Amino acid sequence: MSFLNYQRARLASAPSSMESPSPSLRKRGGFTLLELAVSMAILGVVVGGLVMAVRGSNSAFQYENSRGSLAQNSHRIVSRMASYLASSGTGTFAPAPVGPLGSQTLDFRRCTGSAGGVPVFGPLERFTMQLDASEAADGIDNDGDGLVDENDLVWIENPGDADARTSIWATGLSPFLAGETDNDADDNGNGLVDEAGLSFVLEGELLTLRMTMQASIQGQLTQRTVETSIRIQN
Ligand SMILES: [Ca+2]
Ligand SMILES: [Ca+2]
Ligand SMILES: [Ca+2]
């Protein structure tokens, strides 16, 4: 073989840089359509799961937050009522809030001072529960707020007078205290029969206030009952 023929043979046998890569190299360098489809499906499942988890945790947070607000409001309102009643006189109470029925309305007068050692009392005040203006007492949720026959806690100064002042302190009071139903029996075992969602009972100088507030939180009826006893000073 001549030198020229030898070079031609060598060039012919050398691999060309323009040749296609081997199948294995082609597979490692990209994704097939099937692989892409599977990857997208897995990604969709993962992202969907994350979205659901975030939504679930937001929903649980809002539920607990609303429950906390209900509890906080209930305690705050009962404490405020107790502060009004603590300086009142048992002799000013009407109707007499005695067991086993107690009373869902209480008229009282707060002591404003004394004259010659005798307490002086201020204007007549009243705590009572009244059916919410958008409800009817018919066992139906008329206003669509998730509560049935809910009541308001109302404070009135000089009730019945032309200069009467009225203020709604709370909404969403339960018609009956938690655990109680209208059946002439003490269902919740607190010594009172068929007591309302706002209840006053006087034993000696000890006045006990009970109140059940409720709210519809994420479609679930949630109740909170607060009870406190105060010794009446006059
Ligand atoms: Ca309602
Ligand atoms: Ca009871
Ligand atoms: Ca009952």
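Up top is the structure these notes are about.
The text that follows walks through the structure, step by step, so that each part is easy to find. (Residues numbered from 1 in each chain as written. Chains lettered and ligands numbered in written order. Predicted model: local features only at pLDDT ≥ 70, side-chain atom pairs only at ≥ 80, totals over all residues. Heavy atoms only, no water.)

**Structural notes on the overall build of the protein chain**
To keep things clear, this is the line we draw: Secondary structure is summarised from DSSP: a helix means a run of H or I of at least four residues, a strand means a run of E of at least two, and numbering begins at the N terminus for each. Accessibility here uses a 1.4 Å probe with only protein chains present; expressed as a share of the type maximum, an area under 20% marks a residue as buried, one over 50% as exposed, and anything in between as partly exposed. Whether two residues are in contact is decided by their heavy atoms: any pair within 4.5 Å suffices. Only the protein chains shown count as covering a residue, and every accessible area follows the Shrake-Rupley method with a 1.4 Å probe.
Along the backbone of the protein chain there are 3 helices and 7 strands. When the helices and strands of the protein chain are read in sequence order from the N terminus, they spell out α-α-α-β-β-β-β-β-β-β. The proportion of buried residues among the 234 residues of the protein chain is 30%. For the protein chain, the share of sequence-separated contacts (at least 6 apart) that also reach a separation of at least 24 residues comes to 47%. When the accessible surface of the protein chain is summed, it comes to about 14100 Å², and 56% of that surface belongs to carbon and sulfur atoms.

**Here we look at the coordination of the calcium ion (ligand 3)**
Spelled out, the test is: Counted as donors are the N, O and S atoms within 2.8 Å of the metal, or 3.2 Å for Na, K and Ca, while water is not among the atoms, so some sites may look incomplete. Under this scheme a four-donor centre is tetrahedral when all angles range from 85 to 135 degrees, a four-donor centre is square planar and a six-donor centre octahedral when opposite donors are above 155 degrees with the rest from 65 to 115, and any other centre is irregular.
In this structure, Glu180 (OE), Thr181 (O), Asn183 (OD1), Ala185 (O), Asp187 (OD) and Asp194 (OD) serve as the protein donors to the calcium ion (ligand 3), at separations of 2.2 to 2.3 Å. Around the calcium ion (ligand 3) sit 6 donor atoms; with metal-centred angles ranging over 71 to 171°, the donor geometry is irregular. The sequence motif formed by the donor residues of the calcium ion (ligand 3) is E-T-x1-N-x1-A-x1-D-x6-D. Classification of Glu180 as buried rests on a relative accessible area of 6%.

**Here's the deal with the nonpolar core**
Under the convention used in this document: For the purposes of this section, nonpolar cores are sets of buried Ala, Val, Leu, Ile, Met, Phe, Trp, Tyr and Cys residues that join through side-chain atoms within 4.5 Å.
In terms of nonpolar packing, the biggest core is built from 29 residues, with Met81, Leu85, Phe127, Leu153, Phe200, Leu207 and Met211 touching the most fellow members. Mapped onto this core, the elements with two or more residues apiece are α3 (33-86), β1 (105-115), β2 (118-131), β3 (151-157), β4 (165-173), β5 (198-203), β6 (206-217) and β7 (220-231). Ranked by residue count, the leading element in this core is α3, at 8 residues.

**Some points on the pairing of β6**
Stated precisely, the cut-off is as follows: Only strands joined by at least two bridges in the DSSP assignment are considered to pair.
The buried count for β6 comes to 9 of 12 residues, which makes it a mostly enclosed element. Bridge count for β5 against β6 is 6 bridges, and the pairing is antiparallel. When the bridges of β6 are listed, Leu202 appears paired with Leu207. Hairpin connection from β5 to β6: 2 residues lie between these consecutive antiparallel strands, with Gly204 at a positive phi of about 65°.

**A closer look at the pairing of β3**
β3 sits mainly inside the fold: 7 of its 7 residues count as buried. Bridge count between β2 and β3: 7 bridges; the pairing is antiparallel. In the strand pairing of β3, Met129 is matched with Leu153. Bridge analysis of β3 against β4 gives 7 bridges, and the strand direction is antiparallel. By the bridge assignment for β4, Asp152 is matched with Thr171.

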